[in-house]
Amino acid sequence: VSTDALAGELARVVGAAHVLQDPDLRAPYETDWTRRFHGTARLVVRPADARQVVEVVRRCAAHAAAIVPQGGNTGLVGGGVPRQGEVVLSLARLDDMGPVEGGQVTVGAGATLGAVQRHAADAGWEFGVDLAARDSATIGGMVATNAGGTQVIRHGTMRAQVLGVEAVLADGGVMRRLGGLVKDNTGYDLAGLLCGSEGTLGIVTRARLRLVPRLPHRVTVLLGAPDVAAAQRLLGAVRAAGVPLDAVEWFRSEGVRLVREHAGLGPPPCGEHPDYVLLEASDRTDPTEQLAEVLSGLPEAAHAAVAVDPPDRRALWAYRERHTEAINAVGVPHKLDVTLPAPVFAGAVTALPSVVSGVDPAAVTVLFGHLGDGNVHVNVLGPAADDERVDEAVLRHVAAAGGSISAEHGIGTAKARWLSLSRSEAEIAAMRAIKAALDPAGMLNPGVLLAP
Ligand code: FAD
Ligand code: MLT
Ligand code: ZN
């Protein structure tokens, strides 16, 4: 029998079956996807709708119980799991999806990306964001992290798809703007503010999303390249030629080795190379010829595998998309997700493995990422989960090169202490002022984004 008065109150709001206190039931909510970040929750509460979220927030506030909002728990920066006995508020049950109308749809925060993609496709549209965790990551989590993924080069990040949100604030107030107005200059962009707020300003309960037209012709090409600089030149060439690109991804031989071992894949059909670039383009007419023409002037064209049919395209994507799980299968990674400016990109990226080995000679570095956005995922295997020396060295290297310490995963708890490497004192002061105005008691996701 629970002796936690808060648990009893919450059970009256959401039903006893949706207040989890048993350690075994809490466990999946207490450790992140990488297994690097974990803590203990006071309890996990799973409301069914926004009205219940309001009640949960009000009761937690009355008990001075801090809240960690959680969607699919695929976040990679330790922002969605408890640290010191917070209440985990799971949005997973808010997975309703409204009708697709005029290229827009309103969906619950707990709807998975995959469900939204299928819902849009059934109505002849597409959703402009895609990432490998599609069957677990939720729209609420993607708004909260301003998720990027593989199609940013074409459609922008999550923020660009969000026309409005419904969110519960720390005082239980509800901010709702779901009318889908494309133009709406009536003051501060509050929905935009919630994008990338990482659960620190409000709990997203629904979002109004923009969809994109479904284009009938799509081609995927995997190319081998001798080094990062060549990969970057290739990007420049296809971009300058106006190829209707959806994705320009990059990975290297060390990642391919891990993916092949983990997924049992054969060698890449473009042959084995130090670096690889995966291009995808789509249009109303077949873009294959245009792409072939641009590539024909480049030495990398000699090592190209082209796919048009969905199963063949998926087979090429597997070498890129399965990096995350393949790395996780080897150990608990330190995941650093950075952007570097184009002029210094090749040099700064090439130096990354030696930055890591300069701190920990035994560490293994696996690099891959969204080349089209200058976004590199630096994965380091070897250092203990709480040994942050490598993280610090990489982030300082990136900041010194004029890059950002987080491209798309966010700051979470993992990088909060280094926020000042990417943000000025004045910017951090403004962020703290916004946080204090909307959540004066520090109820929502304490320790995330803004270090205590
Ligand atoms: P969670 O992990 O549950 O939470 C993430 C953060 O959002 C936490 O701070 C949490 O408190 C907050 N939050 C969650 N829901 C809400 C809500 N409703 N209201 C307010 N705050 C909330 N990310 C990319 O950007 N690009 C990628 O390409 C990409 N690929 C991935 C591939 C794999 C295999 C995996 C495991 C992860 C990948 N990610 C990627 C990271 C992750 O999927 C995204 O960050 C995603 O947006 C998290 O969604 P989630 O529902 O799992 O959120
Ligand atoms: C990706 O691009 O695959 C993701 O951001 C996940 C990762 O960094 O591992
Ligand atoms: Zn990514």
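Residues numbered from 1 in each chain as written. Chains lettered and ligands numbered in written order. Predicted model: local features only at pLDDT ≥ 70, side-chain atom pairs only at ≥ 80, totals over all residues. Heavy atoms only, no water.

(A) Layout of the nonpolar core. Within the largest apolar cluster, 53 residues are counted, with the highest numbers of intra-cluster contacts made by Ile139 and Leu209. Sequence-distant contacts of Ile139, defined by excluding residues within four places in its chain, comprise Val107, Gly108, Ala109, Ala111, Val116, Phe127, Met158, Ala207 and Leu209. (Core = buried A, V, L, I, M, F, W, Y, C linked by side-chain atoms within 4.5 Å. Buried < 20%, exposed > 50% of the residue type's maximum accessible area, 1.4 Å probe, protein only. Contact = heavy atoms within 4.5 Å.)

(B) Examining the coordination of the zinc ion (ligand 3) more closely. Donor atoms from the polypeptide that bind the zinc ion (ligand 3) are His370 (NE2), His377 (NE2) and Glu408 (OE), placed at 1.9 to 2.1 Å. In primary sequence terms, the donor set of the zinc ion (ligand 3) follows H-x6-H-x30-E. Of the two residues, His370 is situated in strand β15 (residues 364-370) and Glu408 in the loop between α14 (389-400) and α15 (425-438); the sequence distance between them amounts to 38 residues. For Glu408, a relative accessible area of 10% translates into the label buried. (Donors = N, O, S within 2.8 Å, 3.2 Å for Na, K, Ca; no water. Helix = DSSP H or I, 4+ residues; strand = E, 2+ residues; numbered from the N terminus.)

(C) Summary view of the site of ligand 1. The environment of ligand 1 is formed by 36 residues, the closest being Pro69, Gly71, Thr74, Gly75 and Thr138. Note that an oxygen atom of ligand 1 is positioned 3.5 Å from one of the backbone N or O atoms of Gly141. Separating a nitrogen atom of ligand 1 from a side-chain N or O atom of Glu408 is a distance of 3.0 Å. For ligand 1, whose free accessible area comes to 970 Å², the fraction covered by protein is 96%. Put simply, the parts of the chain that give the shell around ligand 1 at least two residues each are β3 (67-70), α5 (139-145) and β9 (203-213). The leading source of residues in the shell around ligand 1 is α5, at five residues. Tallied by class, residues from the shell around ligand 1 come to 14 nonpolar, 20 polar and two charged. (Near = heavy atom within 4 Å. Polar contact = N/O pair within 3.5 Å; in protein donor to acceptor, adjacent residues only side chain to side chain. Areas by Shrake-Rupley, 256 points an atom, 1.4 Å probe, with all protein chains shown as cover. Nonpolar A, V, L, I, M, F, W, Y, C, P; charged D, E, K, R; others polar.)

(D) Structural context of the sheet that holds strand β2 (residues 43-45). The mixed open sheet is built from four strands, whose spatial order is β1-β2-β4-β3. Looking at strand neighbours, the two that pair on one side only are β1 (19-20) and β3, the edges of this open sheet. Note that β3 and strand β4 (residues 87-90) share four bridges and pair parallel. By the bridge assignment, Val68 is partnered in β4 with Val88. (Pairing = 2+ DSSP bridges.)

(E) A look at α14. Taking 1.5 Å as the rise per residue, α14 with twelve residues should run 16 Å; its terminal C-alpha atoms sit 16 Å apart, in good agreement. The complete set of buried residues in α14 reads Val390, Asp391, Val394, Leu395, His397 and Val398. Summarising the axial view, the buried residues of α14 lie within an arc of 155°, below the 170-degree limit, and thus occupy one face. Looking at the buried positions of α14, the neighbouring elements they touch are β14 (334-339), α13 (345-359) and β16 (375-381). Positive phi shows up at Gly402, right after α14, with a value of about 85°. (Expected span 1.5 Å × (residues − 1). Arc of directions from axis to C-beta.)

(F) Layout of the pattern of salt bridges. Considering all chains together, one arrives at 29 salt bridges under this definition. Two residues, Glu30 and Arg26, come together in a salt bridge whose shortest N-O distance is 2.8 Å. Linking Glu30 with Arg26, this pair stays in helix α2 (residues 23-30), spanning four residues, or about one helical turn. You can call Glu30 buried: its relative accessible area is 9%. Across the pair Arg177 and Asp184 runs a salt bridge whose closest N-O atoms are separated by 2.8 Å. Here the residues in one salt-bridge network are Glu126, Arg154, Arg218, Asp246, Glu280 and Arg313, joined through shared partners. (Salt bridge = Lys/Arg side-chain N within 4 Å of Asp/Glu carboxyl O.)

(G) Looking closely at the packing of helix α9 (residues 253-263) against helix α12 (residues 323-330). Closest axis-to-axis distance for the α9/α12 pair is 9 Å, and the angle between their directions is 80°. Viewed along their axes, α9 and α12 adopt a mutual orientation that is roughly perpendicular. Within the contact between the two elements, α9 uses Gly255, Val256, Leu258, Val259 and His262 and α12 uses His323, Glu325, Ala326, Ile327, Ala329 and Val330. Its residues assigned to classes, the contact of α9 with α12 comprises seven nonpolar, three polar and one charged. (Axes fitted to C-alpha atoms, helices over the stretch in contact; angles between N-to-C directions. Parallel < 35°, antiparallel > 145°, perpendicular 65-115°, else oblique.)

(H) Structural context of the pairing of β14. β14 sits mainly inside the fold: five of its six residues count as buried. Bridge count for β14 against β16 is six bridges, and the pairing is antiparallel. The residue bridging Leu336 from the neighbouring strand is Val378, located in β16.

No statement about biological role is implied by the geometric values presented.
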